[in-house]
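Architecture and fold: a report
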Amino acid sequence: MKLLSSIRSFWGIAKVSVGVMVSMSAFVVHAETAISLEQAITLALQNDPWLHGSKLRETATEHRSVAAGALPDPTVSLSIMSVPTDSWDLDQEGMTQLKVGVTQMFPRGDSLAIKESQLRTEASKFPLLRANRKAKLKTKVSELWLDAFLAQQTIALIESDWALFEQMAEIARANYANAIGQTRQHDVIRAQLEIVQLEDRLTEQKQKLESNVARLNEWLHVYSSDADNTFNFDTQPAAFAVSSQLPDVRLKKPLILKPSAYSRTDLAREFADHPAILAIDIKREVAEMEIALAKQQYKPQWGVNASYGYRNDTSFNEDRADLFSVGVSFDVPLFTEDRKDQQVAASIADSQAIKTEKLLLTKQMISAVEQELRQLNRLRQRQSIYQEKLLKQSHEQAEATLTAYTNDDGDFTEVVRARIAELNTRISALKIDVETLKTVTRINYFFVSAQTYTEGRPNLRSNSEFDATEKSGAH
């Protein structure tokens, strides 16, 4: 009867202790800044210096495209011609004149227009790069947030059972001292050991929480895009809590990922609108323009020059006519084998190599999705096992061992072991839930559309337009 009274007293005190600890935990979370996953993603996207730098690089490339389409500056020359060296008299000879000339060179073929279009096309890749960056950033921040959530909730689970294990150790010491029931010395030692190990696990999880919060905080600093591009480090607190509820993260394309409808060809077709793939398309387009630009080297470079020569009157005040000259110059591209032919061949090879980059990235994306899908299927199977069996069975086992111990028909070690097993099962179930959401987040990255983060798909020219450009530049 004394043993049963002690156990009942233990449970009463434990319930009060757990209630106090939960209240304290709620107060701490309320006191801190609780950031949801969506809030963290929004802050990260708003305060990423890389995105601001990408916009500046896009603007710079657009300016370069305008500059590339302009003619080179004309050359002006001033000279005194045919001055007699015996007297240095400007009126002595009729050939002596003051000459002003202007020369204007014209680039080869359509090279100016092609270069301008090439840079303008290259500028169109920056919105795609930013879209890809935002998608990756969303995945990165989501994983960090979920890691912080896992550590935070694991701490809450451990702390919720902390009072129970302390009371169990206290009961064991009291029962052993009073020789109640079957409590032995090693039961007391085991209970104390479990508390120490629990304290170590709690410290480990706090370390993980602090580390994950610090890593997450890297993306949450408020960034100012003013002239000095400064960070406001005091806006976001260094220590904060994440929300206590798991977010609702779902697959973006569940139908195409079903085993019954799965097709690598359909998957590759779906990836065609991914910003990383479209950026390679633009890179290929720029490379094909480089081919057309290289072919312009076969065309001559023209130049126009004009000059005006002023002459003084003779020493007898006879009028001398001024002179005007105009001419055209051009080079003759005769020696093409070692330079121009090789430049065209190199540009063609670069363009073909970029096509392999797109194929390689598509294969990598398909492989990554398949790997994540296999992991997601196994995680969902484990989720089902934990929700339908393990959580319930571990709780029933803990209750059964406690009941047996209260009836002097069980071992205290089994009670402790069952409670530890129940705690481990709850933590494992939490880890599976978090890993499932992280896997879904990684899969969703591959199904990001360029239109998700940009105003629309960049206006990519058709292959027929490429062919027209190449034909116009052919020799």
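Here we summarise the structure given alongside this text. (Residues numbered from 1 in each chain as written. Predicted model: local features only at pLDDT ≥ 70, side-chain atom pairs only at ≥ 80, totals over all residues. Heavy atoms only, no water.)

Quick look at helix α10 (residues 412–445)
To be explicit about the condition: Working definition: helices are DSSP H or I runs of at least four residues, strands are E runs of at least two. Numbering for both runs from the N terminus. Every helix has an expected span of 1.5 Å times one less than the residues it contains. Classification of residues uses two cut-offs on accessible area relative to the type maximum, computed with a 1.4 Å probe and protein chains only: under 20% is buried, over 50% is exposed, and between them is partly exposed.
Its 34 residues give α10 an end-to-end C-alpha distance of 50 Å, which sits within 8% of 50 Å, the value for a rise of 1.5 Å per residue. With respect to burial, α10 is a largely interior element, 26 of its 34 residues being buried.

A look at the sheet that holds strand β7 (residues 302–310)
Just so we agree on the cut-off: Only when DSSP finds a minimum of two bridges between them are two strands counted as paired. Note on geometry: axes are C-alpha line fits, over the in-contact stretch for helices, and angles between N-to-C directions span 0 to 180 degrees.
Read from one edge to the other, the open sheet built from four strands follows the order β2-β3-β7-β8, with strand pairing classed as antiparallel. Two strands lie at the open edges of the sheet, namely β2 (75–81) and β8 (323–330), each paired on one side alone. Strand-to-strand twist in this sheet, taken as the mean axis angle between neighbours without regard to direction, amounts to 20°.

Considering the nonpolar core
What counts is decided by this rule: Working definition of a nonpolar core: buried Ala, Val, Leu, Ile, Met, Phe, Trp, Tyr and Cys residues. They are joined through side-chain atoms within 4.5 Å. Contact definition: two residues touch when any of their heavy atoms are within 4.5 Å.
Counting 33 residues, the largest nonpolar core has V141, W145, L216, F240 and V242 as its most contacted members. Contributions of two or more residues to this core are made by α2 (37–46), α5 (125–178), α6 (185–217) and α10. The biggest single contributor to this core is α5, with 13 residues. Setting aside residues no more than four positions away along its own chain, V242 makes contact with I35, W145, A148, F149, Q152 and L216. Counting 19 residues, the second largest nonpolar core, distinct from the first, contains L251, M365, Y445 and F447.

A few points about the side chain of Q152
For Q152, the position within the fold is in helix α5. Residue Q152 is classed as buried on the basis of its relative accessible area, which comes to 11%. Beyond its immediate sequence surroundings of up to four residues, Q152 is in contact with L209, A241, V242 and S243.

Here we look at the packing of aromatic side chains
How two aromatic rings sit relative to each other is given by the distance of their centres and the angle of their planes. Defined as follows: Stacked, tilted and edge-to-face pairs are distinguished by plane angle, under 30 degrees for stacked and over 60 for edge-to-face with tilted covering the rest, among Phe, Tyr and Trp rings (Trp via its six-membered ring) whose centres lie within 6.5 Å.
Counted by the stated rule, this structure contains five aromatic pairs. For the pair W302 and F330, a centre-to-centre distance of 4.8 Å together with 35° between the ring planes defines the contact as tilted. Separated by 28 residues along the polypeptide, W302 in strand β7 and F330 in strand β8 bring together distant segments of the chain. Taking the relative accessible area as the measure of exposure, W302 reaches 41% and is therefore partly exposed. A ring pair is formed by Y445 and F446, whose centres lie 5.2 Å apart and whose planes are at 70°; its orientation type is edge-to-face. Note on Y445: relative accessible area 14%, which makes it buried. Note on F446: relative accessible area 12%, which makes it buried. Three or more aromatic residues link up through ring pairs in this structure, and these residues are F271, Y445, F446 and F447.

Description of the pairing of strand β3 (residues 97–106)
Bridge count for β2 against β3 is seven bridges, and the pairing is antiparallel. Each bridged residue has a counterpart across the sheet, and for M81 the counterpart in β3 is Q97. Bridge count between β3 and β7: nine bridges; the pairing is antiparallel. Counterpart to V100 in the pairing with β7 is Y308.

What about the environment of T103?
Within the secondary structure, T103 is located in strand β3. What T103 contacts, discounting residues up to four positions off in sequence, is P74, T75, V304 and N305.

Details of the pattern of salt bridges
Our working definition: By definition here, a salt bridge exists when the distance from a side-chain nitrogen of Lys or Arg to a carboxyl oxygen of Asp or Glu is within 4 Å.
Tallying each qualifying case throughout the model produces 20 salt bridges. D161 is paired through a salt bridge with R426; the nearest N and O atoms lie 3.6 Å apart. Of this pair, D161 sits in helix α5 while R426 is found in helix α10, placing the two residues 265 residues apart along the sequence. A relative accessible area of 29% means that R426 is categorised as partly exposed. Residues E357 and K283 are paired through a salt bridge, measuring 3.2 Å at the closest nitrogen-oxygen approach. Of the two residues, E357 sits in helix α9 (residues 340–406) while K283 sits in helix α8 (residues 275–295), which places them 74 residues apart along the sequence. Three or more residues joined by partner-sharing salt bridges are found here, namely E143, E372 and R442.

Focus: the side chain of T436
For the record, the criterion: Throughout this description, a polar contact denotes any pair of N or O atoms lying within 3.5 Å of each other; where both atoms belong to protein, one of them has to be capable of donating a hydrogen while the other can accept it, and for residues adjacent in sequence the pair is counted only when both atoms sit in side chains.
Considering the arrangement of structural elements, one finds T436 in helix α10. A distance of 2.7 Å separates a polar atom in the side chain of T436 from the backbone oxygen of I432. Discounting residues that sit within four places of it in the chain, T436 has contacts with L376, L379 and Q383.

Digging into the packing of helix α4 (residues 111–123) against α8
Definition in use: Should an angle fall under 35 degrees it is called roughly parallel, over 145 degrees roughly antiparallel, and 65 to 115 degrees roughly perpendicular, with every other angle called oblique. Three classes are used: nonpolar for Ala, Val, Leu, Ile, Met, Phe, Trp, Tyr, Cys and Pro, charged for Asp, Glu, Lys and Arg, and polar for all others, with Gly counted as polar.
The interhelical angle for the contact between α4 and α8, taken along N-to-C directions, is 170°, at an axis separation of 9 Å. Here α4 is positioned roughly antiparallel relative to α8, judged by the angle of their axes. Here S111, I114, K115, S117, Q118, T121 and E122 of α4 come into contact with α8, specifically with I282, E285, V286, M289, E290, A292 and L293. The residue makeup of the contact of α4 with α8, split by class, is six nonpolar, four polar and four charged.

Focus: α8
The end-to-end C-alpha distance of α8, which contains 21 residues, comes to 31 Å, matching closely the 30 Å that a straight helix rising 1.5 Å per residue would cover. Of all 21 residues that make up α8, 19 are buried, and the element is covered over most of its length.

With respect to the environment of H274
By secondary structure assignment, the location of H274 is in the loop between α7 (264–271) and α8. In this structure, the C-alpha to C-alpha distance between H274 and F447, residues 173 residues apart in sequence, is 6.8 Å. Contact partners of H274, with chain neighbours within four places excluded, come to N132, M365, Y445, F446 and V448.

Focus: the packing of helix α3 (residues 49–68) against α4
It is at 8 Å that the axes of α3 and α4 come closest, and there the two elements cross at 170°. When the axis of α3 is compared with that of α4, the two are roughly antiparallel. Touching E58, T61, E62, R64, S65 and A68 of α3 are L112, K115, E116, L119, R120, E122 and A123, all from α4. Of the residues that constitute the contact of α3 with α4, the class distribution is four nonpolar, two polar and seven charged.

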